[in-house]
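Residue-level listing of the chains:
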Amino acid sequence: MWAKAIEQAVEQTRRNIGRFGEQFPHVSKNGRYYELNSNSDWTDGFWSGILWLCYEYTGEDVFQDTAIRTVESFRQRLQDKPSLDHHDIGFLYSLSAKAGWIVEQNEEARHTALESADILMNRWREGPQLIQAWGRENDPENGGRIIIDCLMNLPLLYWAYEQTGEVKYAEAARIHAEKSRRFLVRGDDSSYHTFYFDPVTGDAVRGGTHQGYRDGSTWTRGQAWGIYGFVLAYRALKNSEFLETSKRMAKYFADRLPADYVVYWDFDAPQIPETKRDSSASAIASAGMLELMQHLEPHDPLKKQLSDAVVNTMTSLSQNYTPDPASDEQGFIRRGSYSVRSGASPDDYTIWGDYYYLESLMRLEKGIPGYWYSR
Ligand code: GLY
């Protein structure tokens, strides 16, 4: 049922290899990925992950060779260190070097991924006991700030613990995930995008947003990061509270799907005709729900609701949001929103939306779960 959609994405990727060369895409404008970068942005792992998925689906050399070249580029990035002073090391290296290890058991790729886990550990702040998302240590604005997206960076640390047995990785990840559960998720199962703590004492200060509609709103992509991030925390750490939180956040999301099943950019943004969607939030939530369903009891009533939500969302994305294959548009799913608030790519392709769309399709068609954990 999903093979046609996968094949369209594979063909688009084949064309994009020629279009991008050794560069990495980020967001698009008028259907085309622009401002390609030479591996210096937070999004570059998603291109690598797409290449690995296409290789796993087709077995073709062109995808394998290009994926391997991206891993080499990520190895080099660790030496040159352009833009590694943030928490998104998990996105970057889980889908590139760690994927290279998962798919091919390549020792050098494993080594690169383990080195990257140490770079991520540099974001751990002993005082407030958290992984600082952005900025320098002691930065007045960001020194004690966590963001919900970080839950998807933690799988690099769970994996580093699994590979090395060094508990520091699992402990930092556990404490951070627990703090995220307590402070980012609200009593009604909605979520803050970010939360501020005192950078010295770790005292809780307040919730807020960066990309959402307002401080107390629920940014749909943030909710999606939470659904997926907490179930992966449960998978790695076996704390049932993480599973419960992922379930509650997933139900909140599934209860609020609009008529065409692809969410708007924030659950609290006024829904007027021009309200932007964020197809990437729907793709991330679908992948997260597919993971979550594997951990539910057979008779859990949520299972049917999530299964319907995923099938309806993925059907809508693949039928209504994909480009005409004869056009020269470059992405998989239209109408992603990077940051509506700041006017950045508020209605176009995003490379992470494309990645999670293909991961969801691969989970549905082949049972291949991406590269967040060892298989
Ligand atoms: N992790 C950044 C974003 O979701 O825009």
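As the structure is a computational prediction, the values presented were derived from the model and not from experiment.

Q: Explain the environment of His-193 to me, please; I cannot follow it from the model alone.
A: Within the secondary structure, His-193 sits in the loop between α7 (167-183) and β6 (194-197). Among the residues examined, His-193 registers a relative accessible area of 2% and is labelled buried. Expressed as a C-alpha distance, the spacing of His-193 and Gly-208, which sit 15 residues apart in the sequence, is 6.4 Å. In this structure, His-193 is in contact with Ile-146, Ile-147, Ile-148, Asp-149, Leu-184, Gly-208, Thr-209, His-210, Gln-211, Gly-212 and Trp-219, ignoring residues within four places of it in sequence. Separated by 3.1 Å, the side chains of His-193 and Asp-149 make a polar contact.

Q: How do you make sense of the packing of aromatic side chains when you look at a structure like this?
A: For any pair of aromatic rings, the description consists of the separation of the ring centres together with the inter-plane angle of the planes. Per the counting criterion, the structure on display carries 30 aromatic pairs. Linked through ring pairs, Trp-42, Phe-46, Phe-91, Trp-225, Tyr-228, Tyr-338, Trp-352, Tyr-355, Tyr-356 and Trp-372 together constitute an aromatic cluster. Just above the ring of Trp-101 sits the side chain of Arg-110; from NZ or CZ to the centre is 5.6 Å.

Q: How do you make sense of the packing of helix α8 (residues 220-237) against helix α9 (residues 240-255) when you look at a structure like this?
A: Helix packing for two helices is described by the angle between their axes and how far apart those axes are. Remark: α8 packs on α9, axes separated minimally by 8 Å, with the N-to-C direction vectors making an angle of 155 degrees. What the angle tells us is that α8 and α9 run roughly antiparallel. Once α8 is placed against α9, the crossing between them reads as left-handed. Along its contact with α8, which presents Thr-220, Gln-223, Ala-224, Gly-226, Ile-227, Phe-230, Val-231, Ala-233, Tyr-234 and Leu-237, the element α9 presents Ser-240, Phe-242, Leu-243, Thr-245, Ser-246, Met-249, Ala-250, Tyr-252 and Phe-253.

Q: Any chance you could explain α9 here in plain terms?
A: Since one α-helical turn is 3.6 residues long, residues separated by three or four positions face the same way. Taking 1.5 Å of rise per residue, 16 residues should cover 22 Å, and α9 covers 23 Å from first to last C-alpha, within 8% of that figure. All buried positions along α9 are accounted for by Phe-242, Leu-243, Thr-245, Ser-246, Lys-247, Met-249, Ala-250, Tyr-252, Phe-253 and Ala-254. At its buried positions, α9 is contacted by α7, α8, α10 (279-293) and α11 (301-320).

Q: I would appreciate a short explanation of the site of the ligand in the present structure.
A: Taken together, Trp-42, Asp-149, Gln-211, Trp-219, Arg-221, Trp-225 and Tyr-338 are the residues near the ligand. Arg-221 has a polar side-chain atom sitting 2.5 Å from an oxygen atom of the ligand. Computed on the free molecule, the ligand has an accessible area of 200 Å², of which 95% lies beneath the protein chains in the complex. In terms of residue class, the shell around the ligand is built from 4 nonpolar, 1 polar and 2 charged.

Q: Would you mind going over the pattern of salt bridges with me for this structure?
A: Working definition: two side chains of opposite charge can pair if their charged atoms are close together. Tallying each qualifying case throughout the model produces 28 salt bridges. One salt bridge in this structure joins Arg-174 and Glu-171, with 2.9 Å as the shortest N-O distance. On the criterion of helical spacing, the pair formed by Arg-174 and Glu-171 is a turn pair, its members being 3 residues apart in helix α7. Taking the relative accessible area as the measure of exposure, Glu-171 reaches 35% and is therefore partly exposed. Salt-bridge contacts for Asp-189 lead to Arg-248; the nearest nitrogen and oxygen are separated by 3.5 Å. Taken as a pair, Asp-189 in the loop between α7 and β6 and Arg-248 in helix α9 lie far apart in primary sequence, 59 residues in all. Members of the salt-bridge network, linked through shared partners, are Arg-235, Glu-291, Glu-359 and Arg-363.

Q: Is there a simple way to think about the packing of helix α4 (residues 89-104) against helix α6 (residues 155-164) in this case?
A: Contact geometry for α4 and α6: axes closest at 9 Å, N-to-C directions at 45 degrees. Classified by the interaxial angle, the pair formed by α4 and α6 is oblique. Between α4 and α6, the contacting residues are Ile-89, Gly-90, Tyr-93, Ser-94, Lys-98 and Trp-101 on the first element and Pro-155, Leu-156, Trp-159 and Gln-163 on the second. In terms of residue class, the contact of α4 with α6 is built from 6 nonpolar, 3 polar and 1 charged.

Criteria and thresholds
- Residues numbered from 1 in each chain as written.
- Predicted model: local features only at pLDDT ≥ 70, side-chain atom pairs only at ≥ 80, totals over all residues.
- Heavy atoms only, no water.
- Helix = DSSP H or I, 4+ residues; strand = E, 2+ residues; numbered from the N terminus.
- Buried < 20%, exposed > 50% of the residue type's maximum accessible area, 1.4 Å probe, protein only.
- Contact = heavy atoms within 4.5 Å.
- Polar contact = N/O pair within 3.5 Å; in protein donor to acceptor, adjacent residues only side chain to side chain.
- Phe/Tyr/Trp six-rings, centres within 6.5 Å; stacked < 30°, edge-to-face > 60°.
- Lys NZ or Arg CZ within 6 Å of the ring centre and 35° of its normal.
- Axes fitted to C-alpha atoms, helices over the stretch in contact; angles between N-to-C directions.
- Parallel < 35°, antiparallel > 145°, perpendicular 65-115°, else oblique.
- Left-handed = near helix turned anticlockwise from the far one by under 90°.
- Expected span 1.5 Å × (residues − 1).
- Near = heavy atom within 4 Å.
- Areas by Shrake-Rupley, 256 points an atom, 1.4 Å probe, with all protein chains shown as cover.
- Nonpolar A, V, L, I, M, F, W, Y, C, P; charged D, E, K, R; others polar.
- Salt bridge = Lys/Arg side-chain N within 4 Å of Asp/Glu carboxyl O.

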